[in-house]
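The primary structure of each chain is shown beneath.
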Amino acid sequence: MDSMGRRRSSVRLLVGLLLLRLNWCLAVDGGVVAEVDGAFPLVVSTWPFREAVRAAWEVVSAGDGGGSAVDAVVAGCSACEVLRCDGTVGPGGSPDENGETTLDALIMNGATMEIGAVAAMRYVKDGIKAAKLVMEHSLHTLLVGEKATAFAISMGLPGPTNLSSPESLEKWANWRQNHCQPNFWKNVVPAGSCGPYRPINLLKALDSTKHVVEGSQGGICNGWFQSENLLEPINSHLKFIDRHNHDTISMAVIDKMGHIAVGTSTNGATFKIPGRVGDGPIPGSSSYGDDEVGACGASGDGDIMMRFLPCYQVVESIRRGMEPRDAAMDAISRIARKFPDFVGAVFAVNKKGVHAGACHGWTFQYSVRNSSMHDVEVITVYP
């Protein structure tokens with residue numbers, strides 16, 4: 001074969017390889033509708049909240065084009081609020097130290113990176129809808145407390161409404177009868193009873209006058225200095241954190257167009273100090289999503305998890321090339337190295353719909369539905 005023939009053969013081989021490569025890219029990267037229909041739409045949620053996933057699926061799978069990922073997240077989280085999933089979502093659960101239920105919620109549009117959130121919201125039962133209103137009708141990201149309530153009502157949500165229930169009030173009354181134990185205080189006095197509490201470091205000054213008091217007042221004040229009246233710095237709250245009193249629904253949806261949205265709704269930690277805001281309304285902690293990469297949802301001890309922004313970590317790890325399973329495990333391990341007794345979990349999903357989960361301190365479950373499934377499937381993840 002002459003040199004001209006060899007060059008022509010090489011050109012044909014190169015063209016063939018390029019065509020093969022082009023076809024492979026289209027099939028793998030979602031460049032054809034068949035790939036999208038096979039994986040999308042997709043709904044993933046923390047815990048076996050099947051009805052919430054079904055509600056989101058009904059929206060995102062409807063009609064030829066389906067509903068938007070944002071609308072599906074609202075539908076799914078709203079269903080959980082109405083059903084009061086595990087007593088930890090929506091009204092009627094998780095009373096604070098005063099017996100009141102307040103709501104935290106967040107929604108994020110992974111196409112635009114817009115976020116809306118509410119925290120410690122009182123008297124409005126629609127947490128996720130309030131968060132969506134913040135995203136769509138303000139230039140802010142997070143509104144809190146009674147001002148979040150006023151905003152939500154002004155935007156048309158029903159209220160004011162008492163968010164307590166007979167069950168939540170009974171739980172609170174029993175806790176009070178148990179001397180407000182366990183609780184979320186540390187380094188305060190008194191221990192073993194209800195507040196008001198004072199910083200334990202005040203005792204340093206009192207120690208210097210202890211002998212003077214005892215000398216001048218005899219045994220009158222001796223009991224005040226006994227050790228059982230002091231609350232040492234302990235992690236007592238770790239003893240009562242589990243799925244049924246410290247939980248969250250975090251949901252991620254990829255719609256038929258490949259757009260991603262995430263959302264979170266919770267009524268927070270049971271017997272929390274009034275005013276406490278957990279990880280639920282914190283972007284990157286309870287949930288995070290980016291059309292270009294994927295999404296994440298989290299559940300667990302939000303006071304610890306929010307210090308690490310685990311869902312932001314998951315998405316950024318996927319962006320750098322990690323598979324969802326490795327990204328989830330990496331985010332959890334970062335927390336466990338600093339807080340080996342913490343309880344928490346995340347699910348991770350990439351933009352192709354591959355999903356995985358990781359947990360620490362408990363057995364975690366998350367729910368999934370895509371177009372290849374006949375109904376919601378629950379995945380169990382072990383620590």
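The rules behind the values
- Residues numbered from 1 in each chain as written.
- Predicted model: local features only at pLDDT ≥ 70, side-chain atom pairs only at ≥ 80, totals over all residues.
- Heavy atoms only, no water.
- UniProt positions renumbered as here; feature names shortened; annotations may be inferred.
- Helix = DSSP H or I, 4+ residues; strand = E, 2+ residues; numbered from the N terminus.
- Buried < 20%, exposed > 50% of the residue type's maximum accessible area, 1.4 Å probe, protein only.
- Contact = heavy atoms within 4.5 Å.
- Areas by Shrake-Rupley, 256 points an atom, 1.4 Å probe, with all protein chains shown as cover.
- pLDDT = per-residue confidence, 0-100.
- Pairing = 2+ DSSP bridges.
- Axes fitted to C-alpha atoms, helices over the stretch in contact; angles between N-to-C directions.

- Under the annotation held in an unreviewed UniProt entry, the protein carries the name beta-aspartyl-peptidase and is attributed to Urochloa decumbens.
- Under Sequence similarities (unreviewed entry), UniProt gives the following word-for-word description of the protein: "Belongs to the Ntn-hydrolase family."

**As for the overall build of the protein**
Right, on to step 1. What the protein contains, in helices and strands, is 11 helices and 14 strands.
Right, on to step 2. For the protein, the proportion of its 383 residues judged to be buried stands at 49%.
Right, on to step 3. Within the protein, counting contacts between residues at least 6 apart in sequence, those at least 24 apart form 64% of the total.
Right, on to step 4. Per element, the accessible surface of the protein, about 17,900 Å² overall, is 56% carbon and sulfur.

**Describing helix H10 (residues 310–319)**
Quick reminder: α-helices carry 3.6 residues per turn. Residues three or four places apart thus point the same way.
Right, on to step 1. Most of H10 is tucked away, with eight of its 10 residues classed as buried.
Right, on to step 2. Buried residues along H10 sit against strand S9 (287–290), strand S10 (294–300), helix H9 (302–305), helix H11 (324–338) and strand S11 (344–350).
Right, on to step 3. Just past H10, the residue Gly321 takes up positive phi, approximately 115 degrees.

**Description of the confidence of the model for the protein**
Right, on to step 1. Residue-level pLDDT values for the protein average 84, and 78% of them are 70 or greater.
Right, on to step 2. Taken as a whole, residues 11–38 scores under 50 in pLDDT and shows 13 contacts with residues more than four places along the chain or in a different chain.
Right, on to step 3. Here residues 216–239 is a poorly scored stretch, pLDDT under 50, and it has 38 contacts once near neighbours within four places are set aside; other chains count.

**Thoughts on the sheet that holds strand S14 (residues 377–381)**
Right, on to step 1. One open sheet holds the eight strands; their spatial order is S4-S3-S2-S8-S7-S1-S13-S14, and the pairing between them is mixed. Pairing within the sheet leaves two strands with one partner each, and these edge strands are strand S4 (142–144) and S14. For this sheet the average axis-to-axis angle between neighbouring strands, irrespective of direction, equals 10 degrees.
Right, on to step 2. When strand S1 (residues 42–46) meets strand S7 (residues 249–254), the two strands line up antiparallel, connected through four bridges.

**Focus: the UniProt feature "active site" (unreviewed entry) in the protein**
Right, on to step 1. When the UniProt feature table is mapped onto this chain, "active site" (unreviewed entry) is found at Thr248.
Right, on to step 2. As for its position among the elements, Thr248 is in the loop between helix H8 (202–217) and S7.
Right, on to step 3. With residues near it in sequence (within four places) discarded, Thr248 still touches Thr46, Trp47, Phe49, Thr88, Thr264, Ser265, Thr266, Ala298 and Ser299.

**Thoughts on unusual backbone geometry**
Right, on to step 1. The peptide bond linking Gly159 to Pro160 adopts the cis configuration, its omega dihedral lying at 0 degrees.
Right, on to step 2. Tracing the sequence through the fold places Pro160 in the loop between helix H6 (145–154) and helix H7 (166–177).
Right, on to step 3. In this structure, Leu309 is a non-glycine residue whose phi angle is positive, near 45 degrees.
Right, on to step 4. Its place among the elements puts Leu309 in the loop between H9 and H10.
Right, on to step 5. Among the residues examined, Leu309 registers a relative accessible area of 33% and is labelled partly exposed.

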